[in-house]
Amino acid sequence: MPKKHQPFKFETRALQSTKNIINKVHAISPPIYLSSTFERNQEGKYQDRYKYSRNDNPNRRTLEKSISTLEYGTTGFAFGSGMAAISAVFQSLKTGDHVILPDDVYFNLKLLIKDVFNRWGLSFSFVNMSDIEAVSHALTRHTRLIWIETPSNPQLKISNIPGICELAHAHQILTAVDNTWPTPVLQNPLDLGADIVVHSSTKYLGGHSDVLGGCIILKESGSLEHQIRSIQVQMGAIPSPFDCWLISRGIQTLHLRITKQTENAQKLAEWLYDQPRVNRVLYPGLKDHPDHAIAAQQMKGGFGGMLSLLIDGDEIQTRSVANKLQLFTQATSLGGIESLVEHRKSVEGPESKTPDNLLRLSLGIEHVEDLIGDWEQALR
Ligand SMILES: *Cc1c(COP(=O)(O)O)cnc(C)c1O
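Residues numbered from 1 in each chain as written. Predicted model: local features only at pLDDT ≥ 70, side-chain atom pairs only at ≥ 80, totals over all residues. Heavy atoms only, no water.

Draft legend 1. Spatial organisation of empty space enclosed by the protein. Scanning the model with the defined rule gives two cavities of 30 Å³ or more in all. Reported here for the largest cavity is a volume of approximately 50 Å³. Lining the largest cavity are Pro102, Asp103, Asp104, Val127, Asn128, Met129, Ser130, Glu149, Ser152, Lys157, Ile158 and Ser159. The class makeup of the residues in the lining of the largest cavity is four nonpolar, four polar and four charged. Here the residues of the lining of the second largest cavity are counted per class, giving six nonpolar, two polar and no charged. (1 Å grid on protein atoms, 1.4 Å probe; cavity = no way out; pocket = protein on both sides within 12 Å on 5 of 7 lines; lining within 4 Å. Points joined across faces, edges and corners; volume = space filled by probe spheres on them. Nonpolar A, V, L, I, M, F, W, Y, C, P; charged D, E, K, R; others polar.)

Draft legend 2. Seen up close, the site of the ligand. Neighbouring the ligand are 14 residues; Met83, Asp178, Ser200, Thr202 and Lys203 lie closest to it. Between the ligand and methionine 83, the relevant distance is 2.8 Å, taken from an oxygen atom to a main-chain nitrogen or oxygen of the residue. Note that an oxygen atom of the ligand is positioned 2.8 Å from one of the side-chain N or O atoms of serine 200. Relative to its unbound accessible surface of 390 Å², the ligand loses 92% to contact with the protein. With three residues, helix H3 (residues 82–91) is the single largest residue contributor to the shell around the ligand. Tallied by class, residues from the shell around the ligand come to five nonpolar, six polar and three charged. (Near = heavy atom within 4 Å. Polar contact = N/O pair within 3.5 Å; in protein donor to acceptor, adjacent residues only side chain to side chain. Areas by Shrake-Rupley, 256 points an atom, 1.4 Å probe, with all protein chains shown as cover. Helix = DSSP H or I, 4+ residues; strand = E, 2+ residues; numbered from the N terminus.)

Draft legend 3. Just the side chain of lysine 345, in detail. Positionally, lysine 345 belongs in helix H13 (residues 344–348). Since its relative accessible area comes to 19%, lysine 345 is described here as buried. When sequence neighbours within four positions are dropped, the list of residues in contact with lysine 345 reads Ser352, Thr354, Pro355 and Asp356. (Buried < 20%, exposed > 50% of the residue type's maximum accessible area, 1.4 Å probe, protein only. Contact = heavy atoms within 4.5 Å.)

Draft legend 4. Region of the structure containing the sheet that holds strand S4 (residues 143–149). Spatial strand order, S1-S7-S6-S5-S4-S2-S3: seven strands in an open sheet with mixed pairing. The strands lining the two open edges of the sheet, one partner per strand, are strand S1 (75–79) and strand S3 (123–127). Direction aside, the axes of adjacent strands within the sheet are offset by 20° on average. Across five bridges, the pairing between strand S6 (residues 196–200) and strand S7 (residues 214–218) is antiparallel. Its bridge partner lying in S7, valine 198 is registered against isoleucine 216. Packed on one face of the sheet, helix H2 (residues 58–70) meets S1 and S7 and runs near 130° to S1. Sheet strands in contact with H3 are S1, strand S2 (98–102), S3, S4, strand S5 (174–178), S6 and S7, and its direction is about 155° off that of S6. (Pairing = 2+ DSSP bridges. Axes fitted to C-alpha atoms, helices over the stretch in contact; angles between N-to-C directions.)

Draft legend 5. Quick peek at the packing of H2 against helix H9 (residues 241–252). Across the interface, H2 lies against H9 with an axial gap of 8 Å and an inter-helix angle of 35°. For H2 against H9, the interelement crossing comes out left-handed. Side by side, H2 and H9 meet where Asn59, Arg60, Thr62, Leu63, Ser66, Ile67 and Leu70 of the first sit next to Pro241, Cys244, Trp245, Ile247, Ser248 and Ile251 of the second. By residue class, the composition of the contact of H2 with H9 is eight nonpolar, four polar and one charged. (Left-handed = near helix turned anticlockwise from the far one by under 90°.)

Draft legend 6. The arrangement of the packing of H3 against helix H4 (residues 107–117) in detail. Where H3 contacts H4, the two axes come as close as 11 Å, and the packing angle between them is 50°. Of the possible angle classes, the one that applies to H3 and H4 is oblique. For H3 against H4, the interelement crossing comes out right-handed. Between H3 and H4, the residues in contact are Met83, Ile86, Ser87, Phe90 and Gln91 and Asn108, Leu109, Leu112 and Phe117, respectively. For the contact of H3 with H4, the class distribution of residues is six nonpolar, three polar and no charged. (Parallel < 35°, antiparallel > 145°, perpendicular 65-115°, else oblique.)

Dropping the structure here:
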């Protein structure tokens, strides 16, 4: 007869023996709270703020506090992807509302509008956002939101954030800035007058090409905050605790990475500028960029880790340059520690307005002399 050790059967003991007893071990790296639900006490109350992880979770809370601090906002919201965060902003609008966006806005946002939000009775104007007059002309009685993305993807056009925000506020219109590319290290839109900041945390915040995420940061608390919170919690496009943990970890080295990536982009842009096989380099850190002065005013510490260039040649010649690169991997996405190159036109498809000879680069943290050497052999 086996000795009786405990009153419970194996299945019960398996659960009892693995209950969380490690709340207070003072670990330096935070634990990951995978728990979907949290215990009530005998009065039916919760011991602290956590009830159910769609509503709130300690790892998500850490990330949301972090991004709202870094963007100088009052509230942060984390989502399962950048597109989910962008969608939440549009879902806070109502039928009949009108939105102004850049004509070269992030390509998937165009698809989202075409496939989903047009059907919801929102209306949209796409304008050249580098031209404040054009924004002003697009205003209607129903305009509720101006969407800004600067530097833009993939042509690195610059929009004047303070100028557009001033115009918007004179008409009681909200402004949202997609700050994915510059990151809060190089640009703080809420300080420049914007109401809403959005990120794809998949890119620089995560920083290692191993997690998807998005976030929204609001300048003020109030009715928009409550709307976004209910969209996040009721619609449930939330990130997992592990994803929040990864993005929080990425944020710890964001400043180091983007500083190095920005230095690499500036140096490579200057080198490419002098190459005969390169027609144009699109980078706001170059003096001949049409909006270099505006970028220098609203960005600080550099112009970011992304640049595009136009090859002197057609699509086939352009793609053959990309094929020769060895340190730049051909892949979609950006903001990771490794350098990437992409022929955007073929990714965006036939409706894209991106030039045939454009290559978009996401600079990594490799040594810049190696990156320049790679371009030297590819252009030869
Ligand atoms: C990648 C990206 C998005 C979309 O984010 P996902 O995380 O892929 O959903 C939005 N805006 C910009 C500027 C991006 O680069």
